[in-house]
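Summary of structural features
Listed below, chain by chain, are the residues.
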Protein chains: 8
Amino acid sequence: LVGIVMGSDSDWPVMSAAAEVLDELAVPHEVGVVSAHRMPQAMLAYGADAAGRGLRVLIAGAGGAAHLPGMLASVTSLPVVGVPVPLKYLDGMDSLLSIVQMPAGVPVATVSVGGARNAGLLAARILGASDDALRARLDDFRSSLEASATAKGAALRARLSSS
Amino acid sequence: LVGIVMGSDSDWPVMSAAAEVLDELAVPHEVGVVSAHRMPQAMLAYGADAAGRGLRVLIAGAGGAAHLPGMLASVTSLPVVGVPVPLKYLDGMDSLLSIVQMPAGVPVATVSVGGARNAGLLAARILGASDDALRARLDDFRSSLEASATAKGAALRARLSSS
Amino acid sequence: LVGIVMGSDSDWPVMSAAAEVLDELAVPHEVGVVSAHRMPQAMLAYGADAAGRGLRVLIAGAGGAAHLPGMLASVTSLPVVGVPVPLKYLDGMDSLLSIVQMPAGVPVATVSVGGARNAGLLAARILGASDDALRARLDDFRSSLEASATAKGAALRARLSSS
Amino acid sequence: LVGIVMGSDSDWPVMSAAAEVLDELAVPHEVGVVSAHRMPQAMLAYGADAAGRGLRVLIAGAGGAAHLPGMLASVTSLPVVGVPVPLKYLDGMDSLLSIVQMPAGVPVATVSVGGARNAGLLAARILGASDDALRARLDDFRSSLEASATAKGAALRARLSSS
Amino acid sequence: LVGIVMGSDSDWPVMSAAAEVLDELAVPHEVGVVSAHRMPQAMLAYGADAAGRGLRVLIAGAGGAAHLPGMLASVTSLPVVGVPVPLKYLDGMDSLLSIVQMPAGVPVATVSVGGARNAGLLAARILGASDDALRARLDDFRSSLEASATAKGAALRARLSSS
Amino acid sequence: LVGIVMGSDSDWPVMSAAAEVLDELAVPHEVGVVSAHRMPQAMLAYGADAAGRGLRVLIAGAGGAAHLPGMLASVTSLPVVGVPVPLKYLDGMDSLLSIVQMPAGVPVATVSVGGARNAGLLAARILGASDDALRARLDDFRSSLEASATAKGAALRARLSSS
Amino acid sequence: LVGIVMGSDSDWPVMSAAAEVLDELAVPHEVGVVSAHRMPQAMLAYGADAAGRGLRVLIAGAGGAAHLPGMLASVTSLPVVGVPVPLKYLDGMDSLLSIVQMPAGVPVATVSVGGARNAGLLAARILGASDDALRARLDDFRSSLEASATAKGAALRARLSSS
Amino acid sequence: LVGIVMGSDSDWPVMSAAAEVLDELAVPHEVGVVSAHRMPQAMLAYGADAAGRGLRVLIAGAGGAAHLPGMLASVTSLPVVGVPVPLKYLDGMDSLLSIVQMPAGVPVATVSVGGARNAGLLAARILGASDDALRARLDDFRSSLEASATAKGAALRARLSSS
């Protein structure tokens, strides 16, 4: 249902978090390397064929002059989630602006710098908009976040009061 | 199906573009002012009740320390689209970072500074992921963008060659 | 008298400096984890109940799209001090702008990136505005800063002249 | 109770908003021009004498290399609220960083670029921490903000539904 | 010899300066609208066919998430000159980073924000690297710049000394 | 044919990538240290003599207040490629702006921060604009990039499916 | 004694403030247009000859990739004051970084964006370091600044108390 | 003749480079810790007494909200050189803007982030403006820079040609 693509296999350490959270939520997905700049025709074909192949959301990560999410969005009507991958310099600010500042007509759903886990969650929320069972799992996920945060707070207070 | 909210009615000149494009695509939507900082309890209630009221996507615009999109995302499992509204200073960079840099667990689908039209389109793409008729309208929309761009290019060339 | 809260226990290495300086100044305080995005209702409750529980100042640290200080300020009339916690990327600039750029009506007293010690001092100054004994301790604190800086300068000069 | 100072009378159009909101909240205050760079000795004297003269909070606005708030904070133990005044270039980013990035030991409570109204409100919150009547007025103020935002939302919806 | 393209006809007021300076230097060129996001297939075809059609340099202007120069560079081995077109917000910083920060393997020759005249001159220098007559015209152009600057300096001194 | 110069031999670890890719493409080149600030007359002489010595493209790398590329461009009509070398602070943003923001009349073809490999490729593209054999090698180079990216994607998918 | 130069006569509206304050302080000066990029040889000659012609300080203003101050500093041992002139975009941040970030060995005394008046004052302070009469005039100048600021503060207070 | 001061002894690893180059040039100097925020009265006294004690230039280094250079400049007519010391976050951009963006009337001669060696050289150039022997030593210094850069270039070329 979800296609996770990135401009280079060196982006995988960042992008794997998207796949992980989709696994946690039992959302089927595929992973691929689709470089806007090194394989432009294959990249456009990937985007153009995505809906026909049954994909419903695309997640695309790229760094620097990050063109992959926006170019995919130009050849599909599926929602495209963009992950700004930080490079060695500039802390991902170039990646962020290259992805989020799309012109009117072709939107990309951008998440935080390096925010691949949130990209996976956003894809799940998108699918959950029409899938009550998945949305219920997302509700559970949010509850577990709250429980975990509450527990951490209690642990911190316990640690402090005993010191 | 889509709830469009903003932190202040002064955001409407920017945010109205989201409503317009949803009108063009025949996607039902509602509009409201829901301020994270001035009506926090009502804001959380809006987010928490959204799915139950039948909404499937939220679009939230805010400026400066823009907390509305992220706070809504914390109380619903629906996808939330965030629009950074530029204020008088800083060109919307504060709004952008306040919206896009969400912590892992709570994603916001961020669009460009002032990009309310793209927020509407993204909401439509999200709904279209499970609505073939809407996705077909979005395909038509992309075709019309292409036709319009092609026509403008032809007009420019004609203007230049005749001058 | 002072409530120190943070969005995640991972913020504690930064935020502990606020507790330390309040200890030095003998100002009672409590510590907690209150996440705006993972436990929004509990977070609002914390803020809304703070004055009634006898707190007089809140210190809130958060990173990235840092919504905790501003959201607390929206549900209490107590002064809220915000600490921008730097994350892995962007050097805390996102945290700073998310905290300091609050809209008119709901102020947050923002300190420097990672400036939790100053947050504690600011809380003490706030309480000292109506507590002459505490303000006298703060006067002593400033005197000790001056003495320490003067001594360090003398030591540096001594080291240089003997080399 | 509150001293509002600024580096130049050209800052008054920005800083007057601090005085206005203190008037609304019936908090006594004085206004002055105290330039860190043009009258350094008088500036330090102003800060050093403030507590003795009965002031309980200082609000200081300055632009560019904005040294006034930090220098006042170095000679008083009262809380100092800093307002970054935007100049012709750089949108107040220089003013913000010059005010907020104070070294450990000497805090300044920084508000948003041009945020003088919030500086006044923050001063009132600081005084209200030990003044129940003032804090009650601040609670009323927050209620009025909520009522106003709610009314504006209703008006917007009414306008849209009738168009 | 030179193809000047832009993402939208609204870029023409900026990009026309490239055509003007090529006219001054008698370098043949064509102008077109080729949108990376609105006509992606036609855009790639333009780039892929450019060398075969006899073009020797491409100049591409785009704003925001500016993908046109980089995408053209991915489908041709001709040199591509990128012009960051400034949009309403962010002063072209997004356009600049989206164009200049290309990954290793696919270079774009980037000029200044709004620097279309320099893009034209750079295209001429590129052609002049193998065309002695054109390079001689460029030498003359540089001489005329020097003469003009010298004359303006003399005029300024004359104006000042007579006042 | 290509002159690769840099402001300091400490730039060589960055700039060597330009020489390497020119070696891969069999493009003759020379390497030198030509400091704008430490040997200004020799620097101008290098630029002024370049065309006469048979060079056809210059590549110049420099960091901080990076004046070398622009000054060379002021004394030659050859195309000059500028490489922003990142220094210890500011991530090369100072280098980038110092190189790319040239005034109208004197262009520099700027590549990414630290992008020396792309500078070499751009020089090759420039020479290839009038050298069909070199352009064919560049076409092959692009094909090999595509093959490599495709292979990496296949390897990643294989690794994931077998885990 | 002071040479004021700028890259273009369009910089004069900014740079004239340097000449004005030198007139106020009775410091002889000359004005010229010396473009680093359009007349590089004449620019270097101006710098190299400055000391021999009796100049003791140079003031150089430039915008964008502002190379003039640094290049002058490379051919003279006189102190060079650099004025970042803001251009249409980027608010002078490019000009500032291009001037201030000089490599070790060749300093430029940089003032604020558009700060030509301060450049003139700095030149006067430099000359006043060895000229007691001039330094006395500068002492008077500082006194008049203080008197003026004090008077403006009194006027503001008077205006407010009478309203 | 030169007073080198800094806000904290932790700045000495950066600031020592100013003392070193003054030693190389045989310019007498003193070193001290003078904190604007921790010893404000002593800091103003240092500046006010500097000229009377025979100092002719001040060098002041500080980080973050760096107020030391500007405050010294407000109480002396001597030239003040400011060194932006980088702190843990923001790469010294806060320090730079806090020092360079001084208001009209009170200039600070700012050098690069961490540029203490250049601060020492600038102080020497300032003194050399009225000291022919020192200026001759600075001429020699520039010649040695050129010789060193030339030698490094020759060594690099030798190394490359022999490999």
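Preceding this section is the structure that the text describes.
All residue numbers refer to position in the chain's written sequence, counted from 1. The naming scheme follows written order: chains are lettered A onward, ligands numbered 1 onward. Per-residue local features of the predicted model are confined to residues with pLDDT of at least 70, and side-chain atom pairs are confined, for both listing and counting, to 80 or more; whole-chain, interface and lining totals are unaffected and use all residues. For the side-chain quantities, the full set of heavy atoms in the structure was used; hydrogens and water were omitted.

What to know about helix α5 (residues 116-128) of chain C
Given 3.6 residues to a turn, an α-helix orients residues that are three or four positions apart in the same direction. All names here are of chain C. By the criteria applied, helices consist of DSSP H or I runs no shorter than four residues and strands consist of E runs no shorter than two, each listed in order from the N terminus. To estimate the expected span of a helix, count its residues, drop one, and scale the result by 1.5 Å. In a regular helix each residue adds 1.5 Å, so 13 residues correspond to 18 Å; α5 covers 18 Å between its end C-alpha atoms and thus fits that length. Only protein chains enter the accessibility calculation, which uses a 1.4 Å probe. A residue is then buried if its area is under 20% of the maximum for its type, exposed if over 50%, and partly exposed in between. Judged by how many residues are buried, α5 sits mostly within the fold: 12 of 13 residues are covered. Looking at α5, one finds that the buried residues are A116, N118, A119, G120, L121, L122, A123, A124, R125, I126, L127 and G128.

Quick notes on the relation of the copies chain D and chain C
Copies are brought into register by a least-squares superposition over C-alpha atoms of residues with pLDDT of at least 70 in both. For the pair chain D and chain C, the relating rotation is 180 degrees, the translation along its axis is 0.0 Å, and the fit reaches an RMSD of 0.0 Å. Expressed as a symmetry operation, the mapping of one chain copy onto the other fits a two-fold axis. A symmetric contact is evident, with 100% of the interface residues of chain D recurring at the interface of chain C. Note on contacts: a residue pair is in contact if any heavy atoms of the two residues lie within 4.5 Å.

Quick notes on the pairing of strand β4 (residues 80-85) of chain H
Residue and element names in this part refer to chain H. Taken across its six residues, β4 has six buried, putting it largely inside the fold. Note: two strands are recorded as paired if DSSP finds a minimum of 2 bridges between them. With six bridges joining them, strand β3 (residues 57-63) and β4 adopt parallel strand pairing. Considered in β4, the bridge of A60 is made with G82. Think of it like this: strands point away, you trace from the first strand over the helix to the second, and a clockwise trace means the crossover is right-handed. Handedness of the crossover is the feature at issue here: the chain leaves β3, passes through helix α3 (residues 68-74), returns alongside β4, and the resulting connection is right-handed. In terms of strand pairing, β4 meets strand β5 (residues 109-110) through two bridges, oriented parallel. By the bridge assignment, V81 is partnered in β5 with A109.

Some thoughts on the packing of helix α2 (residues 40-50) of chain D against helix α2 (residues 40-50) of chain H
Only the contacting stretch of a helix is used when fitting its axis, a line to C-alpha atoms as for every element, and angles between N-to-C directions run 0 to 180 degrees. Axis separation between α2(D) and α2(H) bottoms out at 11 Å; the angle between their running directions is 170 degrees. Put simply, α2(D) runs roughly antiparallel to α2(H). Between α2(D), through D:P40, D:Q41 and D:L44, and α2(H), the contact on the second element is made entirely by H:P40, H:Q41 and H:L44. Should an angle fall under 35 degrees it is called roughly parallel, over 145 degrees roughly antiparallel, and 65 to 115 degrees roughly perpendicular, with every other angle called oblique.

Re the interface of chain D and chain C
Chain D puts 41 residues into the contact, and the matching count from chain C is 41 residues. Accessible area that two parts lose when put together, with a 1.4 Å probe and added across both, is what the buried area reports. Between chain D and chain C lies a buried interface of about 3400 Å² when both sides are counted; carbon and sulfur atoms form 57% of it. It is D:S77, D:P107 and D:R125 in chain D that bury the most area against chain C; as a group they hold 21% of the surface buried on that side. One side-chain nitrogen of Lys or Arg within 4 Å of one carboxyl oxygen of Asp or Glu is enough to make a salt bridge. The tally of links from chain D across to chain C stands at zero salt bridges. Any pair of N or O atoms that falls within 3.5 Å is considered a polar contact. Within protein, one atom must be able to donate a hydrogen and the other to accept it, and sequence-neighbouring residues count only if both atoms are side-chain atoms. At the boundary of chain D with chain C, the tally comes to 28 residue pairs in polar contact (both at pLDDT 80 or more). Residue classes follow a fixed rule: Ala, Val, Leu, Ile, Met, Phe, Trp, Tyr, Cys and Pro count as nonpolar, while Asp, Glu, Lys and Arg count as charged, and any other residue, Gly among them, counts as polar. Along the lines of polarity and charge, the residues of the side of chain D that touches chain C split into 26 nonpolar, nine polar and six charged.

Describing the interface of chain B and chain C
Counting residues at the interface gives 24 residues for chain B, matched by 24 residues for chain C. Counting across the interface, chain B meets chain C through zero salt bridges. Inspection of the chain B/chain C interface yields seven residue pairs in polar contact (both at pLDDT 80 or more). Residue assignment for the side of chain B that touches chain C shows that the elements contributing at least two residues are α2 (40-50), α3 (68-75) and α4 (93-100) of chain B. Its residues assigned to classes, the side of chain B that touches chain C shows 14 nonpolar, eight polar and two charged.

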